[in-house]
Amino acid sequence: MNIRHIANFVQWSQDGAIWNGYFFTINAKGLCHVYDLNAIGTTLPADLEEIDSFTLDKSELIVPHSNAVTFGNEYYAQGDEFPLLYSNIYNNYAKTDDPKTGVCLAYRIQRNKNKFTTTLVQIIEIGFAKSSEYWCSENGDVRPYGNFVVDGKGGKYYAFTMRDEAHTTRYFEFDLPKLSDGVIDETYGVRKVTLGIDNINSYFDCEYHNYIQGACFHNGKVYSVEGFSLKNGNAPALRVIDIASKRQELHIKFADFDLDVEPEMIDFWNDECYYCDAHGHMYKIEF
């Protein structure tokens, strides 16, 4: 395996996603920056030039932490350039009366030349996030908020969460909700889909993911980065989970490649794996 430093960008962010070379990276306040990976030259590492920046729609009402960001498989309207973009709340409301555990937001992206806009079009929530039988530990977890990935080709939605007492990470498979699913939420003016226990296709436990960060789905596998740094005892790492076999296939410690910065983003484009850390360094991971 090899990890190559290919680019730098200056804006702090959480996770991000790539579509046709457009790299969307979002911070915890709903600010998204867009870069064109097609513009990366031959001299590496390159400095990515920002195409545009914008704030996610209805961020004054609800804003995702964007701990996990991914594109789906459904287009809001015929002729749209981008499928729906999903981003999760994670811990943005952890200290409020309604922490919105297990909630994910779906957006329509539109582009007019180099100007981008978004429209909030759907909310997806885990309806059993308080269940110690299924979701959380009986006495609580350090990070009960949950991450997710979307299998666009298979039409599946995978939510996963750290369960401290069992020291495992639990994965749930659902059918990916359609835009027409759910009921209108009067607060946000969009459909909300509540995924209940009856909606679970299957679930399984695997190795404990230590402070989950960004994640993506590629060729039947979940790629999940985690941790902060060796200094605080939470080493940055990558785990690859094979959905078919329901097991962890790979565990890579970034320190073995002299990398010790908090992981944030991971995604694939043209079957190549792109990874970014909290300092705005972009890498290609060659397996």
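Whatever comes next refers back to the structure up there.
Only a predicted model underlies this, so the values are computations on that prediction, with no experimental measurement involved. Along each chain, numbering runs from 1 in the same order as the chain's sequence is written. Selection of residues for local features in this predicted model requires a pLDDT of at least 70, selection of side-chain atom pairs for listing and counting requires 80 or more, and totals for whole chains, interfaces and linings are taken over all residues. Calculation of side-chain values draws on the structure's entire complement of heavy atoms; hydrogens and water are dropped beforehand.

**As for unusual backbone geometry**
Peptide bonds are trans in most cases, and residues, glycine excluded, mostly fall at negative phi.
And step 1. Look at the link from L44 to P45: it is a cis peptide, with omega at 0 degrees.
And step 2. By the criteria applied, helices consist of DSSP H or I runs no shorter than four residues and strands consist of E runs no shorter than two, each listed in order from the N terminus. Checked against the element boundaries, P45 lands in the loop between β4 (31-36) and β5 (46-47).
And step 3. Phi at N20 takes a positive value of approximately 50 degrees, unusual for a residue other than glycine.
And step 4. Turning to its location among the elements, N20 is positioned in the loop between β2 (16-19) and β3 (22-26).
And step 5. Think of it in three bands: residues with accessible area under 20% of the maximum for their type are buried, residues over 50% are exposed, and the middle band is partly exposed, with areas taken using a 1.4 Å probe on protein chains only. You can call N20 exposed: its relative accessible area is 54%.
And step 6. At K113, a position not held by glycine, the phi torsion is positive, near 60 degrees.
And step 7. Topologically, K113 is positioned in the loop between β9 (103-112) and β10 (115-126).
And step 8. Judged by relative accessible area, which is 70%, K113 ranks as exposed.

**Some words on the nonpolar core**
And step 1. Residues F24, L105 and F116 are the most contacted members of the largest nonpolar core, which totals 25 residues.
And step 2. Elements represented by at least two residues in this core include exactly β3, β4, β7 (69-71), β9 and β10.
And step 3. In terms of residue count, the dominant contributor to this core is β9 (four residues).
And step 4. Here F116 is in contact with Y22, F24, V34, I51, D52, F54, F82, I109, Q110 and R111, once residues within four sequence places are set aside. Nonpolar core, defined: a set of buried Ala, Val, Leu, Ile, Met, Phe, Trp, Tyr and Cys residues in which side-chain atoms within 4.5 Å join the residues together. Working rule for contacts: check all heavy atoms of both residues, and any pair within 4.5 Å makes them a contact.

**A word on the sheet that holds strand β14 (residues 183-185)**
And step 1. At least two DSSP bridges between two strands are required for those strands to pair. Taken in spatial order, the six strands of this open sheet run β7-β8-β9-β10-β15-β14, and their pairing is mixed. Each of the sheet's edge strands pairs with one partner strand only, and the pair in question is β7 and β14. Pairwise comparison of adjacent strand axes, ignoring direction, gives a mean angle of 35 degrees for this sheet.
And step 2. In terms of strand pairing, β9 meets β10 through 10 bridges, oriented antiparallel. By the bridge assignment, I109 is partnered in β10 with T118. Every axis in this analysis is a line fitted to C-alpha atoms, fitted for helices over the stretch in contact. Angles between the N-to-C directions lie between 0 and 180 degrees.

**Some details on the packing of aromatic side chains**
And step 1. Ring pairs shown here join Phe, Tyr and Trp side chains whose ring centres sit within 6.5 Å, with only the six-membered ring taken for Trp; geometry is labelled stacked below 30 degrees between planes, edge-to-face above 60, and tilted in between. Counting across every chain of the model gives 32 aromatic pairs.
And step 2. Aromatic side chains F24 and F82 sit 5.4 Å apart centroid to centroid with 85 degrees between the ring planes, which places their arrangement in the edge-to-face category. With F24 in strand β3 and F82 in the loop between β7 and β8 (85-88), the pair connects residues that are 58 residues apart, well separated along the chain.
And step 3. According to the relative accessible area criterion, F24 is buried, its value standing at 0%.
And step 4. Overall, F82 belongs to the buried group, its relative accessible area being 1%.
And step 5. Note on F82 and F116: the rings are 6.2 Å apart at their centroids and 50 degrees apart in plane angle, and the pair reads as tilted. Placement of F82 in the loop between β7 and β8 and of F116 in strand β10 is noted, with a sequence separation of 34 residues between them.
And step 6. A relative accessible area of 3% places F116 in the buried class.

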